[in-house]
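Each chain, written out:
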Amino acid sequence: MKNIFEAFKIVKDKQIDALRMPSLPKEFILKSISDSNINPRIVTHFYPKSPIAEQYYRLRESIKSKMQKESFKTIAITSAVNGEGKSITSLNLAVAMTKDVDCKKVLLIDCDLRRGRIDHSLGLNSNVGLSEYLMLGTEINNILFKTKINKLTIIPRGKIADNPSELLSSEKMKKLLGELKKQFDVIIVDMPPLIPIADASIVCAQSDMVLMAVRAGKTQRGVVDHAAEFLAQAEANLIGYVLTHVEYYIPAYIYQYV
Ligand SMILES: Nc1ncnc2c1ncn2[C@@H]1O[C@H](COP(=O)(O)OP(=O)(O)OP(=O)(O)O)[C@@H](O)[C@H]1O
Ligand SMILES: [Mg+2]
């Protein structure tokens, strides 16, 4: 628990407070949705009225108020190290955005050119994506994929590239984000982690805002601070932290309503 509160302290001077994303018990999710191709952890899709989905709506509202004030459109989601919940947060936030009446077109970009599998999480399987655009000059329209979720389009990772860092920090990537801003109301960018990937912070700097996922009880404060320094050096606009893997008890009677 100590780590959770330490991580929480860091954000006191930021505009968005860290949000605690509780875990759904695995047995509960897997039993309910065993036949779906969509990742059952996208609770905003499967259980839009659940207390956990509400947390994502709160996150959406905090982001929206910033977007409206500053005419921002792109938000990158990153973390210090692997496995902190970036992709699940990106997916749930993207679906939460589609439920907003003001958002007509939502885009989720898989910028994790090494390990990203956003397409699988949404029940798609694509061989073409961001890598092909950056390496081969594939047309933008050929890397945009509509999903089964109303209003949500994705750009999948594509094939694994040999030089993801160089591709992500290229001028082409910057231009792509500029083009996409003309077509979409909100763009969520699922990033690789900052510490192992040299140029992740550069792409974060090309986004209007950055959120950092922090795995509660695991990622140490020094590691989070170190990653935040990379963002500061790149002059990225870190607006806050999302705490993931927060384990706390949700009484059974609440589950009756999800
Ligand atoms: N809020 C959460 N509560 C509990 N488990 C979570 C939460 N978010 C993600 N997870 C689980 O943690 C694991 C890692 O999540 P995810 O793939 O989103 O992390 P990531 O930061 O994108 O990882 P990578 O660095 O490999 O891209 C997955 O098994 C996921 O189901
Ligand atoms: Mg990921």
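Definitions and cut-offs
- Residues numbered from 1 in each chain as written.
- Chains lettered and ligands numbered in written order.
- Predicted model: local features only at pLDDT ≥ 70, side-chain atom pairs only at ≥ 80, totals over all residues.
- Heavy atoms only, no water.
- Helix = DSSP H or I, 4+ residues; strand = E, 2+ residues; numbered from the N terminus.
- Buried < 20%, exposed > 50% of the residue type's maximum accessible area, 1.4 Å probe, protein only.
- Areas by Shrake-Rupley, 256 points an atom, 1.4 Å probe, with all protein chains shown as cover.
- Near = heavy atom within 4 Å.
- Polar contact = N/O pair within 3.5 Å; in protein donor to acceptor, adjacent residues only side chain to side chain.
- Contact = heavy atoms within 4.5 Å.
- Pairing = 2+ DSSP bridges.
- Salt bridge = Lys/Arg side-chain N within 4 Å of Asp/Glu carboxyl O.
- Core = buried A, V, L, I, M, F, W, Y, C linked by side-chain atoms within 4.5 Å.
- Phe/Tyr/Trp six-rings, centres within 6.5 Å; stacked < 30°, edge-to-face > 60°.
- Lys NZ or Arg CZ within 6 Å of the ring centre and 35° of its normal.

### Some remarks on the overall build of the protein chain
Here comes step 1: Along the protein chain, the regular secondary structure elements total twelve helices and eight strands.
Here comes step 2: Counting all 258 residues of the protein chain, 54% fall into the buried class.
Here comes step 3: Element-wise, carbon and sulfur atoms account for 50% of the exposed surface of the protein chain, whose accessible area totals about 12000 Å².

### Focus on the site of ligand 1
Here comes step 1: Taken together, 14 residues are adjacent to ligand 1, and Arg41, Gly83, Lys86, Ser87 and Ile88 come closest.
Here comes step 2: A distance of 2.9 Å separates an oxygen atom of ligand 1 from a polar backbone atom of Gly83.
Here comes step 3: At 3.0 Å from an oxygen atom of ligand 1 is found a side-chain nitrogen or oxygen belonging to His245.
Here comes step 4: The fraction of the free accessible surface of ligand 1 (620 Å²) that becomes covered by protein chains is 78%.
Here comes step 5: Secondary-structure elements contributing two or more residues to the shell around ligand 1 are helix H5 (86-98) and strand S8 (238-246).

### Some remarks on the environment of Asn142
Here comes step 1: Tracing the chain through its elements places Asn142 in the loop between helix H7 (130-136) and strand S4 (145-146).
Here comes step 2: For Asn142, a relative accessible area of 47% puts it in the partly exposed group.
Here comes step 3: Considering only alpha carbons, one finds Asn142 and Ile155, 13 residues apart in sequence, at a separation of 9.3 Å.

### Observations regarding the side chain of Asp208
Here comes step 1: Mapped onto the elements, Asp208 comes out in the loop between helix H10 (200-206) and strand S7 (209-215).
Here comes step 2: Residue classification places Asp208 among the buried positions, given a relative accessible area of 14%.
Here comes step 3: Within the structure, Asp208 has its side chain in polar contact with the backbone nitrogen of Lys73 (distance 2.7 Å).
Here comes step 4: Discounting chain neighbours no more than four positions away, the residues touching Asp208 are Phe72, Lys73, Thr74, Lys181 and Asn237.

### Considerations on the pairing of strand S3 (residues 106-110)
Here comes step 1: Burial of S3 is extensive: five of the five residues sit out of reach of the surface.
Here comes step 2: Of the two faces of S3, the one lined by Val106, Leu108 and Asp110 and the one lined by Leu107 and Ile109 are each fully buried.
Here comes step 3: Strand direction decides the pairing type here: S3 and strand S5 (residues 152-155), joined by four bridges, are parallel. By the bridge assignment, Leu108 is partnered in S5 with Ile154.
Here comes step 4: Judged from the five bridges that link them, S3 and strand S6 (residues 186-190) form a sheet pairing that is parallel. From the neighbouring strand, Asp110 faces S6, where its bridge partner is Asp190.

### Looking at the pattern of salt bridges
Here comes step 1: On inspection of all chains with the given rule, the structure shows ten salt bridges.
Here comes step 2: Close ionic contact of Lys64 with Glu61 constitutes a salt bridge, the shortest N to O distance being 4.0 Å. With Lys64 and Glu61 both in helix H4 (residues 51-70) and three residues apart, the pair spans about one turn of that helix.
Here comes step 3: Notably, a salt bridge pairs Asp119 with Arg117, separated by 3.0 Å at the nearest N-O pair.
Here comes step 4: Exposure remark for Asp119: the relative accessible area of 1% places this residue in the buried category.
Here comes step 5: What emerges from the salt-bridge pattern is a single network uniting Arg60, Glu61, Lys64, Asp100 and Asp102.

### What about unusual backbone geometry?
One can expect most non-glycine residues to show negative phi and most peptide bonds to be in trans.
Here comes step 1: You will see that Ser71, though not glycine, has its phi angle at about 55°, which is positive.
Here comes step 2: Mapped onto the secondary structure, Ser71 falls in the loop between H4 and strand S2 (74-79).
Here comes step 3: Residue Ser71 is classed as exposed on the basis of its relative accessible area of 64%.
Here comes step 4: In the Ramachandran plot, Glu235 falls in the positive-phi region, its phi being about 60° despite a non-glycine side chain.
Here comes step 5: Here Glu235 shows up in the loop between helix H11 (221-233) and S8.
Here comes step 6: Judged by its relative accessible area of 70%, Glu235 is exposed.

### Some remarks on the nonpolar core
Soluble globular proteins: nonpolar side chains tend toward being buried together.
Here comes step 1: With 42 residues, the main nonpolar core has Ile109, Cys111, Leu130, Leu180 and Met212 as its most contacted residues.
Here comes step 2: Excluding residues within four positions of it along the chain, Leu180 makes contact with Leu107, Ile109, Ile140, Leu144, Ile155 and Ile187.
Here comes step 3: Counting 27 residues, the second-largest nonpolar core is a separate cluster that includes Ile77, Ala94, Val95 and Leu122.

### Considerations on the packing of aromatic side chains
The geometry of an aromatic ring pair is captured by two quantities: the separation of the ring centres and the angle between the planes.
Here comes step 1: Per the stated rule, a full pass over the model turns up zero aromatic pairs.
Here comes step 2: The ring of Phe184 has Lys105 sitting right over it, with the charged end atom 5.0 Å from the ring centre.
Here comes step 3: Across the ring face of Tyr133, the terminal group of Lys172 is positioned such that the distance to the ring centre comes to 5.1 Å.

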